[in-house]
Amino acid sequence: WNGHTIVGTTDSPRNDLPLDPEAGAQDVDFILSTAARYLSRKPTRDDVTSVWAGLRPLVKATGDAATKSLSREHTILVSQAGLVTVTGGKWTTYRRMAQDVVDTAIQHQLLTQASCRTESLALHGANGLAPSQEHAGTPDSYYGSDLATLKALPGAERMLVKSSGLSEAHVRFAARFELARSAEDVLARRNRALFLDAEAAMLAAPEVARILAEELGHDAAWQQRTLQELAGVAAHYRLK
């Protein structure tokens, strides 16, 4: 993924709901030892540039089934009052989840009958884009037909985080066209620097904050605040 290898995942049940869950030491050791069985060189903690964890929402019908046996699919419930609730599911099936929710609402006469259009609807940046392998496998491949606009911005050749392909122009594009409003927005969401190399992301953070402040009209105090907020998040991505 973007020139890096992602290894995972584990299935450890939790009884709490932390906003920023951390990968436990046992989970990390399990992943490294398992990966060592398949990779030509055994990975160690020194090879880990970033680590993250999340909580998977699972729908449990009855009983206390182990998490590994629970459905990863979504479930839709309609109350007597007409409230439609969708639970479970995955990011990778978000479009299908949305379609099923709308179809369910139509079946219960909560919405007007209409056919789904999203299955073949092109995402932003896809219109008029000719197939090309030039940027395949790089962060620039995400921008589609917006790439020319990105490349025309100041700092297109000035790299801030080499491991994630983040340039000054990417930061300016994120602020102008992608509603990025914090250093975390840029380094964790618009670009995946924090997920690929937490240390490199934090080294670039002051310059990212400066460029954002220039784009958005913020002062030095704002730059310090956004850096402090990012540091709190980034602490969870560094291997302990």
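Everything below is about the structure shown above.
Just so we're clear, the structure is a prediction, and the values are computed from it rather than from any experiment. (Residues numbered from 1 in each chain as written. Predicted model: local features only at pLDDT ≥ 70, side-chain atom pairs only at ≥ 80, totals over all residues. Heavy atoms only, no water.)

### Brief notes about the overall build of the protein
So, step 1. For the protein, the count of helices and strands is eight helices and four strands.
So, step 2. Walking the protein from its N terminus toward its C terminus, one meets helices and strands in the order α-β-β-α-α-β-β-α-α-α-α-α.
So, step 3. Its C-alpha atoms give the protein principal-axis dimensions of about 55 × 45 × 40 Å.
So, step 4. Classification of the 240 residues of the protein by burial places 32% in the buried group.
So, step 5. By sequence separation, contacts in the protein at least 24 residues apart represent 51% of the contacts at least 6 residues apart.
So, step 6. Surface summary for the protein: the accessible area is close to 15700 Å², and the carbon and sulfur share equals 53%.
So, step 7. Side chains of the protein give 26 positive and 28 negative charges; the mean places of these two sets differ by 3 Å. (Helix = DSSP H or I, 4+ residues; strand = E, 2+ residues; numbered from the N terminus. Buried < 20%, exposed > 50% of the residue type's maximum accessible area, 1.4 Å probe, protein only. Contact = heavy atoms within 4.5 Å. Areas by Shrake-Rupley, 256 points an atom, 1.4 Å probe, with all protein chains shown as cover. Lys, Arg positive; Asp, Glu negative; His and termini not counted. Charge placed at Lys NZ, Arg CZ, Asp CG, Glu CD.)

### Focus on the nonpolar core
So, step 1. Counting residues in hydrophobic clusters, the biggest one holds 30 residues, and the most contacted among them are Val171, Val186, Leu187, Leu194 and Val208.
So, step 2. Those elements that place two or more of their residues in this core are strand S3 (159-161), helix H4 (168-177), helix H5 (183-190), helix H6 (193-196), helix H7 (198-216) and helix H8 (220-234).
So, step 3. Per-element tally for this core: the top contributor is H7, with ten residues.
So, step 4. Here valine 171 is in contact with Leu160, Leu166, Val186, Val208, Ile211 and Leu212, once residues within four sequence places are set aside.
So, step 5. Counting seven residues, the second-largest nonpolar core is a separate cluster that includes Tyr143, Leu150, Ala169 and Phe173. (Core = buried A, V, L, I, M, F, W, Y, C linked by side-chain atoms within 4.5 Å.)

### A short note on the side chain of asparagine 191
So, step 1. Along the polypeptide, asparagine 191 turns up in the loop between H5 and H6.
So, step 2. When its relative accessible area of 5% is taken as the criterion, asparagine 191 is described as buried.
So, step 3. One polar contact links asparagine 191 to serine 164, side chain to side chain, over a distance of 2.7 Å. (Polar contact = N/O pair within 3.5 Å; in protein donor to acceptor, adjacent residues only side chain to side chain.)

### As for the packing of aromatic side chains
So, step 1. For the structure shown, the criterion picks out four aromatic pairs.
So, step 2. Aromatic side chains phenylalanine 173 and phenylalanine 177 sit 4.9 Å apart centroid to centroid with 45 degrees between the ring planes, which places their arrangement in the tilted category. Remark: phenylalanine 177 and phenylalanine 173 occur in helix H4; sequence separation between them is four residues, near one turn of the helix.
So, step 3. With relative accessibility at 49%, the residue phenylalanine 177 sits in the partly exposed group.
So, step 4. Ring-pair connections join several aromatic residues into one group, and the members of that group are Trp52, Phe195 and Tyr237.
So, step 5. The side chain of arginine 192 reaches across the aromatic face of phenylalanine 195, ending 4.8 Å from its centre. (Phe/Tyr/Trp six-rings, centres within 6.5 Å; stacked < 30°, edge-to-face > 60°. Lys NZ or Arg CZ within 6 Å of the ring centre and 35° of its normal.)

### As for the pattern of salt bridges
So, step 1. Tallied over the entire structure, the rule returns 17 salt bridges.
So, step 2. Among the salt bridges present, the one from glutamate 214 reaches arginine 172, with a minimum N-O distance of 3.0 Å. In this pair, glutamate 214 is assigned in helix H7 and arginine 172 in helix H4, connecting sequence segments 42 residues apart.
So, step 3. Here arginine 189 and aspartate 185 are joined by a salt bridge, their closest N and O atoms 2.6 Å apart. Residue arginine 189 and its partner aspartate 185 are located together in helix H5, separated by four residues, close to a single helical turn. (Salt bridge = Lys/Arg side-chain N within 4 Å of Asp/Glu carboxyl O.)

### Looking at the packing of H5 against H8
So, step 1. Direction vectors running N to C along H5 and H8 enclose 40 degrees, while the axes themselves pass 8 Å from each other. Relative to H8, H5 is oriented oblique. The residues of H8 that touch H5, namely those facing Ala183, Glu184 and Leu187, are Thr226, Leu230 and Val233.
So, step 2. When grouped by side-chain class, the residues that make up the contact of H5 with H8 number four nonpolar, one polar and one charged. (Axes fitted to C-alpha atoms, helices over the stretch in contact; angles between N-to-C directions. Parallel < 35°, antiparallel > 145°, perpendicular 65-115°, else oblique. Nonpolar A, V, L, I, M, F, W, Y, C, P; charged D, E, K, R; others polar.)

### Brief notes about the environment of lysine 162
So, step 1. With respect to the helices and strands, the residue lysine 162 is situated in the loop between S3 and strand S4 (166-167).
So, step 2. Spatially, the C-alpha atom of lysine 162 lies 8.3 Å from that of alanine 200, the residues being 38 residues apart in sequence.

### Focus: the environment of glutamine 228
So, step 1. Inspection of the secondary structure puts glutamine 228 in helix H8.
So, step 2. A relative accessible area of 56% places glutamine 228 in the exposed class.

### Details of the pairing of strand S1 (residues 74-78)
So, step 1. Note that S1 and strand S2 (residues 84-88) share five bridges and pair antiparallel. Directly across from isoleucine 76, in S2, lies its bridge partner valine 86.
So, step 2. Linking S1 to S2, which pair antiparallel, is a turn of five residues; within it glycine 82 sits at a positive phi near 95 degrees. (Pairing = 2+ DSSP bridges.)

Keep in mind these values describe shape, not function.
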